[in-house]
Number of protein chains: 4
Amino acid sequence: MTADSRPDRPRNPGHGPARADRPAHPVVLGQNQYGKAENRVVRITRDGHTHHIKDLSVSVALSGDMEEVHYSGSNANVLPTDTTKNTVFAFAKEHGIASAEEFGIHLARHFVSSQEPIHRARIRIEEYAWERIVTSGGSRGAGGDGGPGHSFVRKGQETRVSQITYDGERWQVVSGLKDLTVLNSTDSEFWGYVKDGYTTLKEAYDRILATDVSARWRYGWTSDEDPVPDWNTSYEQARTHILQAFAETYSLSLQQTLCHMGSRVIGHRDEIDEIRFSLPNNHHFLVDLEPFGLKNDNEVYFAADRPYGLIEATVLREGAEPEIPVDLTNL
Amino acid sequence: MTADSRPDRPRNPGHGPARADRPAHPVVLGQNQYGKAENRVVRITRDGHTHHIKDLSVSVALSGDMEEVHYSGSNANVLPTDTTKNTVFAFAKEHGIASAEEFGIHLARHFVSSQEPIHRARIRIEEYAWERIVTSGGSRGAGGDGGPGHSFVRKGQETRVSQITYDGERWQVVSGLKDLTVLNSTDSEFWGYVKDGYTTLKEAYDRILATDVSARWRYGWTSDEDPVPDWNTSYEQARTHILQAFAETYSLSLQQTLCHMGSRVIGHRDEIDEIRFSLPNNHHFLVDLEPFGLKNDNEVYFAADRPYGLIEATVLREGAEPEIPVDLTNL
Amino acid sequence: MTADSRPDRPRNPGHGPARADRPAHPVVLGQNQYGKAENRVVRITRDGHTHHIKDLSVSVALSGDMEEVHYSGSNANVLPTDTTKNTVFAFAKEHGIASAEEFGIHLARHFVSSQEPIHRARIRIEEYAWERIVTSGGSRGAGGDGGPGHSFVRKGQETRVSQITYDGERWQVVSGLKDLTVLNSTDSEFWGYVKDGYTTLKEAYDRILATDVSARWRYGWTSDEDPVPDWNTSYEQARTHILQAFAETYSLSLQQTLCHMGSRVIGHRDEIDEIRFSLPNNHHFLVDLEPFGLKNDNEVYFAADRPYGLIEATVLREGAEPEIPVDLTNL
Amino acid sequence: MTADSRPDRPRNPGHGPARADRPAHPVVLGQNQYGKAENRVVRITRDGHTHHIKDLSVSVALSGDMEEVHYSGSNANVLPTDTTKNTVFAFAKEHGIASAEEFGIHLARHFVSSQEPIHRARIRIEEYAWERIVTSGGSRGAGGDGGPGHSFVRKGQETRVSQITYDGERWQVVSGLKDLTVLNSTDSEFWGYVKDGYTTLKEAYDRILATDVSARWRYGWTSDEDPVPDWNTSYEQARTHILQAFAETYSLSLQQTLCHMGSRVIGHRDEIDEIRFSLPNNHHFLVDLEPFGLKNDNEVYFAADRPYGLIEATVLREGAEPEIPVDLTNL
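So, how was this worked out
Residues numbered from 1 in each chain as written. Chains lettered and ligands numbered in written order. Predicted model: local features only at pLDDT ≥ 70, side-chain atom pairs only at ≥ 80, totals over all residues. Heavy atoms only, no water. Helix = DSSP H or I, 4+ residues; strand = E, 2+ residues; numbered from the N terminus. Contact = heavy atoms within 4.5 Å. Areas by Shrake-Rupley, 256 points an atom, 1.4 Å probe, with all protein chains shown as cover. Lys, Arg positive; Asp, Glu negative; His and termini not counted. Charge placed at Lys NZ, Arg CZ, Asp CG, Glu CD. Least-squares fit on C-alpha atoms with pLDDT ≥ 70 in both. Buried < 20%, exposed > 50% of the residue type's maximum accessible area, 1.4 Å probe, protein only. Phe/Tyr/Trp six-rings, centres within 6.5 Å; stacked < 30°, edge-to-face > 60°. Lys NZ or Arg CZ within 6 Å of the ring centre and 35° of its normal. Expected span 1.5 Å × (residues − 1). Buried area = accessible area lost by both parts, 1.4 Å probe. Salt bridge = Lys/Arg side-chain N within 4 Å of Asp/Glu carboxyl O. Polar contact = N/O pair within 3.5 Å; in protein donor to acceptor, adjacent residues only side chain to side chain. Nonpolar A, V, L, I, M, F, W, Y, C, P; charged D, E, K, R; others polar. Pairing = 2+ DSSP bridges. Core = buried A, V, L, I, M, F, W, Y, C linked by side-chain atoms within 4.5 Å. pLDDT = per-residue confidence, 0-100.

J.: Describe the overall build of chain A, listing the residues and the values that go with them.
T.: A count of helical and extended segments in chain A gives 5 helices and 13 strands. Taking the contacts inside chain A whose residues are at least 6 apart along the sequence as the reference set, 65% of them involve residues at least 24 apart. Of the roughly 11,600 Å² that chain A leaves accessible, carbon and sulfur atoms contribute 47%. Averaged over its 35 positive side-chain charges, chain A has a centre that lies 7 Å from the centre of its 48 negative ones.

J.: Any details on the relation of the copies chain D and chain C? Residues and values, ideally.
T.: The operation relating the two chain copies consists of a rotation about an axis and a shift along that axis. Aligned on chain C, chain D shows an RMSD of 0.0 Å; the corresponding rotation is 180° and the shift along the axis is 0.0 Å. The superposition operator between the copies reduces to a two-fold rotation axis. Identified as the residue of chain D closest to the rotation axis by C-alpha distance is Thr329(D), at 3.3 Å. Mapped onto chain C, 100% of the interface residues of chain D are again interface residues, and the two copies thus contact each other with one and the same surface.

J.: Account for the side chain of Thr87(B), naming residues and giving values.
T.: Residue position: Thr87(B) is located in helix H2 (residues 81-94). Residue Thr87(B) is classed as buried on the basis of its relative accessible area of 0%. Non-local contacts of Thr87(B), meaning those with residues more than four positions away in its chain, are made with Tyr198(A), Leu107(B), His110(B) and Phe111(B).

J.: For the packing of aromatic side chains, give the residues involved together with the corresponding values.
T.: For the structure shown, the criterion picks out 38 aromatic pairs over all chains. Relative to Tyr198(B), the ring of Phe91(A) lies with its centre 5.9 Å away and its plane at 70°, an arrangement referred to as edge-to-face. Taken together, the positions of Phe91(A) in helix H2 (residues 81-94) and Tyr198(B) in the loop between strand E8 (171-184) and strand E9 (209-219) put the pair across two chains. Judged by relative accessible area, which is 13%, Tyr198(B) ranks as buried. Among the aromatic side chains, those forming a connected cluster through ring pairs are Tyr166(A), Trp171(A), Tyr219(A), Trp221(A) and Trp231(A). Over the face of the ring belonging to Tyr193(A) we find Lys195(A), whose NZ or CZ atom lies 4.6 Å from the ring centre.

J.: Let's hear about helix H2 (residues 81-94) of chain D: which residues, and what values?
T.: Look at H2(D): 20 Å from first C-alpha to last across 14 residues, which is about the 20 Å you get at 1.5 Å a residue. Among the 14 residues of H2(D), 11 are classified as buried, and the element is accordingly described as predominantly covered. Among all positions in H2(D), only Thr81(D), Asp82(D), Thr83(D), Thr84(D), Asn86(D), Thr87(D), Val88(D), Phe89(D), Ala90(D), Phe91(D) and Ala92(D) are buried. Close packing links the buried residues of H2(D) with strand E12 (300-303) of chain A, strand E13 (308-316) of chain C together with strand E1 (28-37), strand E2 (39-47), strand E3 (50-64) and helix H3 (100-114) of chain D. Gly96(D) lies just past H2(D) and shows a positive phi near 65°.

J.: Explain unusual backbone geometry to me, using residue names and the numbers behind them.
T.: Along the chain, Arg306(B) connects to Pro307(B) via a cis peptide bond; the corresponding omega equals -10°. Among the secondary structure elements, Pro307(B) is positioned in the loop between strand E12 (300-303) and strand E13 (308-316). Not every positive phi belongs to a glycine, and Glu38(A) is a case in point at roughly 60°. Checked against the element boundaries, Glu38(A) lands in the loop between strand E1 (28-37) and strand E2 (39-47). Located in the positive-phi region is Asn298(B), a residue other than glycine, with phi close to 55°. Mapped onto the elements, Asn298(B) comes out in the loop between strand E11 (284-286) and E12.

J.: So, the interface of chain D and chain C: which residues are in play, and what are the values?
T.: Chain D puts 100 residues into the contact, and the matching count from chain C is 100 residues. Here chain D meets chain C over a buried area of about 8,700 Å², counting both sides, of which 54% is carbon and sulfur. On the chain D side of the interface with chain C, the three residues burying the most area are Trp191(D), Val194(D) and Tyr198(D), jointly 8% of the side's total. On the surface where chain D and chain C come into contact, there are 6 salt bridges. Close ionic contact of Arg122(C) with Asp327(D) constitutes a salt bridge, the shortest N to O distance being 3.6 Å. Here chain D is connected to chain C by 44 residue pairs in polar contact (both at pLDDT 80 or more). Those elements that place two or more of their residues in the side of chain D that touches chain C are E1, E2, helix H1 (67-71), H2, strand E4 (118-127), helix H5 (254-268) and strand E13 (308-316) of chain D. A total of 10 residues in the side of chain D that touches chain C trace back to one element, the largest contributor, which is E1(D). Taken together, the residues that form the side of chain D that touches chain C break down as 39 nonpolar, 37 polar and 24 charged. Of the strand pairs in this sheet, strand E1 (residues 28-37) of chain C and E13(D) are connected by 8 bridges, and their pairing is antiparallel. Bridge pairing links Tyr34(C) to Ile311(D) in E13(D).

J.: Just give me the short version of the nonpolar core, but keep the residues and values in it.
T.: With 152 residues, the main nonpolar core has Phe103(C), Trp217(C), Phe103(D) and Trp217(D) as its most contacted residues. Discounting residues that sit within four places of it in the chain, Phe103(C) has contacts with Leu56(C), Val58(C), Val88(C), Phe91(C), Ala92(C), Gly96(C), Ile97(C) and Ile125(C). Core analysis: the second largest hydrophobic core is formed by 150 residues, Leu29(A), Phe246(A), Val27(B) and Leu56(B) among them.

J.: Could you give an account of the interface of chain B and chain A, naming the residues involved and the relevant values?
T.: Taken together, the contacts link 100 residues of chain B with 100 residues of chain A. For the pair chain B and chain A, the summed buried surface comes to about 8,700 Å²; carbon and sulfur atoms form 54% of the total. Broken down residue by residue, the surface that chain B buries against chain A is led by Trp191(B), Val194(B) and Tyr198(B), which jointly contribute 8%. Summed over the shared surface of chain B and chain A, the result is 6 salt bridges. The residue Glu38(A) makes a salt bridge to Arg306(B) at a minimum N-O spacing of 3.0 Å. In this assembly, chain B and chain A are joined by 44 residue pairs in polar contact (both at pLDDT 80 or more). For the side of chain B that touches chain A, the elements supplying multiple residues, two or more each, are strand E1 (28-37), strand E2 (39-47), helix H1 (67-71), H2, strand E4 (118-127), helix H5 (254-268) and E13 of chain B.

J.: Explain the pairing of E2(A) residue by residue, including any values.
T.: Relative to strand E3 (residues 50-64) of chain A, E2(A) is paired through 9 bridges, and the arrangement is antiparallel. Bridging across to E3(A), Arg46(A) finds its partner in His51(A). Here E2(A) folds back onto E3(A), and the loop between the two strands holds 2 residues, one of which, Gly48(A), carries a positive phi near 65°. Examined bridge by bridge, E2(A) and strand E12 (residues 300-303) of chain D share 3 bridges and lie antiparallel to one another. Directly across from Arg43(A), in E12(D), lies its bridge partner Val300(D).

J.: Residue-level account of the confidence of the model for chain A, with values.
T.: All names here are of chain A. With 90% of its residues at a pLDDT of 70 or more, chain A shows a mean pLDDT of 92. Considering only residues more than four positions removed or in separate chains, one finds that residues 1-18, a stretch of pLDDT under 50, has 34 contacts. Scored as a whole, the predicted complex attains pTM 0.94, and scored at its interfaces, ipTM 0.92.

J.: Before we move on, could you go through the pattern of salt bridges and cite the residues and values that matter?
T.: Here the structure, examined in full by the defined rule, presents 84 salt bridges over all chains. Across the pair Asp305(B) and Arg306(D) runs a salt bridge whose closest N-O atoms are separated by 2.8 Å. Placement of Asp305(B) in the loop between E12 and E13 and of Arg306(D) in the loop between E12 and E13 is noted, with the two residues assigned to different chains. What makes Arg306(D) partly exposed here is its relative accessible area of 23%. The network of salt bridges with common partners includes Arg170(A), Arg218(A), Glu274(A) and Glu323(A).

J.: Go over the pairing of strand E7 (residues 159-166) of chain B, please, and point to the residues and values.
T.: Along a regular strand, successive side chains alternate from one face of the sheet to the other. All names here are of chain B. Of all 8 residues in E7, 8 are buried, a share of seventy percent or more. On E7, burial covers both faces: Thr-159, Val-161, Gln-163 and Thr-165 on one face and Arg-160, Ser-162, Ile-164 and Tyr-166 on the other are all buried. Here E4 pairs with E7 via 7 bridges, running antiparallel. Looking at the pairing, Ile-123 lines up with Ile-164 of E7.

Shown next as structure tokens:
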């Protein structure tokens, strides 16, 4: 039964019948998608008295034959967003959550393969990390490290993110992290730049370099025929390379640091073809203490909020085509 | 003088010289941009005792010949982000702020035309609206409505946004608004949708429809040869059409409402060729009061936070090519 | 049946019985309270085709004979927070929402009078204002202003707040507002202050004065015997006096402006005995444009985020005792 | 020179002279305080190539003889908030930052002892923790763990807070933490509670217990005569006891868990006399998977945002008087 054929739907008293009004002005429908966003699912797995936890926020976006719902309001092709929510929770039971990426692949495949009008599914996932609470021992249950097996404290550092897109044939998996805040208290300079009539900045030969790393990397994996990467190892390794490149690069510009981080990930992780960074320059201004008769030998800084420099770039494996969008936010 | 040729830069004691290290692994630099983000500029204009206020957050992103700063850290082509900040404040004085769009055009043109290595500038602006405080009269100074001419209260409703992009030849202006929260307490239904094994949602014949409108529209104007739109009138009119279409559409789905809003803007505003919406479905669930012996006749609702439906689509003038990106956030 | 007497509660396999463990170390229980926070209730009232909307976030905090639940975990005196949530929604139906204050009074009275162990109830409410969408007319339904009677746009300015406390005998009602952002572009000075060895600030004879008003006022009403104030009129009038005092005070310090705002409310509203303000000084720094050959005649300002001045004070009717706590946040 | 005696202050053209207007209505000034809030100071200390970092947000609130600035706007007793900001940065150089508490003591003592009109100073501090980035070794500089001595990643877990109050004689130090998110996946029950006509909650014999711990503890230290606690050890130990008590308590109610956490801290840390907690009950609802033919054996949960239970209580050492305010927010 289609929406239009429904015979005796209740009406609001005093209102005319709900006509399938079409837009008054001729327009063309462009890219569109819909789904349920930010489904917060927590999955507990029990291994005797030792429990494991996965904590995700999952957003579903579906596209396909959706002209009619836009033009006339007919929902005949529309799987409700509420159903996509239910599917997220049911799949957490049916498939478990080995990794955000694998979980997203299960979901995307399901929507595209089970619903004919759906031609493309995009699953976005944020993952929040937990670590075990270490106790003095002797408690009921047992985590591997002497703590109770069921007590956790949220790690609170970066958020792991992933976006899985599927059109029935090709997979695109873009993973990454955000809000990983790092700081070098030396080994950073900034000089030799262009000066125009609006330039007042003094050159710096020893400054703090600090940023909140937001990175997204795209996996070369695109086909069910090919071997699937080990998503969790890949994440941990990419994160480590980013941190180490930040720490070990003697930086003449944040762009250079960015490029070294990207090069290190591409160079060490064959499964990754492209990586994009969005790096705010978290300014730490040396405070002028001379009015108070004090010398500030790179000791006291004011950490400013706004404005901030913002450095963004993509680093690619040779021969790879860029696919990650320019704006990372919410990706 | 390039970075590399700088002869006698101070060194950090105990550290080796800052070498222009290139990335260890061969990579290709993709899309990149940099600049100062969220410059909060407030511009007061005086008309006798009556003052006017413009309150903006301006973000600058520049692109061009920037390989070397990424590969070696040489800043020889880099206009500092601090300079772009200074330029924003100086231009607020030099050009005034007639509209966010005009102000952004001044800035973009300046960066691209004055700096050879800069090939493209993208200016993003948020504008916060103020209205005059109405007083009992008799005060010093005089606003048009009997209040003092210098006292304002922030309007607090939607945020006006604009993005101006220029590559030396072609302009792209995308404007819009975000966080315009609207609600219809009736004249919304949702039924006739697909049911699969994960569907539990009950059909609704009279529901609350509420959303936070985020909209971006692209102007057809692309060339200095063509007449420039009246940006402020265009904004006010687009906003009005969106609100009225929301209020006057008897809605069978949020997608239909979205399409009517877009059609109304495209149909009434010739200067706009494309509009994209991102509409969260702010769920208001009817509370089950039967356990307490009460009948809830569409009177008491629970306003939920997460998850929420998310409906996104582009509506185009016939013949127009889509340019607005899929993800509106921060655009 | 008390918690301790419950005979055959299921046990977690592998865990010992849930003993009513008391704390290992002797301690005394001090002030305590519990309840459900941030119940988001939307109440629609129908007057023919014209609808009215009330949109609240209601937080319940109950106190009383609660030693045992803290010491042993016995819930025998504990009305669940889930029940307090249900009560909020049920009362929205049973009593309607004429004002936040009246609604809170219904709730507080109910908890204290219906539950013997509950000796005190504190209800906090935030209210979000809506206004009707004005349309071109001719639409179904009719609000008083020619718009449809069921379409609203959130006002988005300040949030109205109220806290109602009841101990079975005495009422305390503290109402107010927060996030009302105001700005004077002139008629503000700051000079003649103390200078010590850490003072570098230059005196200002014409500056921007801007703040986000957070105000809480306490009503003199404490007893069911006395006539109840007209809460909505009182709110609108207090808000108006605050805005007008801000606009009309030639300010030598933000403290002076604060005191004038308080004096105006106390002087005009007999039902209010005490008012406290928390006023951040939203700094707008005049930008130095001289390096660019430009004169900044109080035209271009940088709106800073942090740090900010913070001015807080209570203004009392003569003879009134102060009751509003020093820290307003979340009150 | 007082404010009133200033002879020839510039005037705004067109405005009358700035009179020292007093409030129009007779009022009494109650508690008041002022200062600069959220001074973000980062202090680097160098130990050869190994650097140390302290990252604070410091808020100053001063009270004293401040009637005149409120009544007439005379700033003759007012040390500018800008000066309090300068003092924070200067003291970071002069005294270093051994701990938030010690730093706050330096500041409070300074304001009260150096400014006669200032009778009381309250310093609030938030501290953000950093840990070293571990690298593959061999890098320039050397942290103790093989990483470079100058590279840090923000820990990102709880925020350490402290409030130091001084009136020239007596010290009050209240320290604590906020946003420490913890979760037990079992060993939590909730049953045996009161049922009234609005109760629909089902009893739970095995549920997730999760909260964001916000705790404030007051030190017994009040006098310069007495030995000062080791603030950093005390913080680390209190934090550990809170975590362990959370993990090891078999919980029949969140109140019981709270009381055990408090008892553990009071019992083990002689320097602490009082502790208050504010614990949201971060609800994790077991998802009903039966409609999909699945059994949910405490595996799949929906993590809800609002509303949430909120449990607050003070735990005192026997004989101690409560001083920590009921509302912890921003303390």
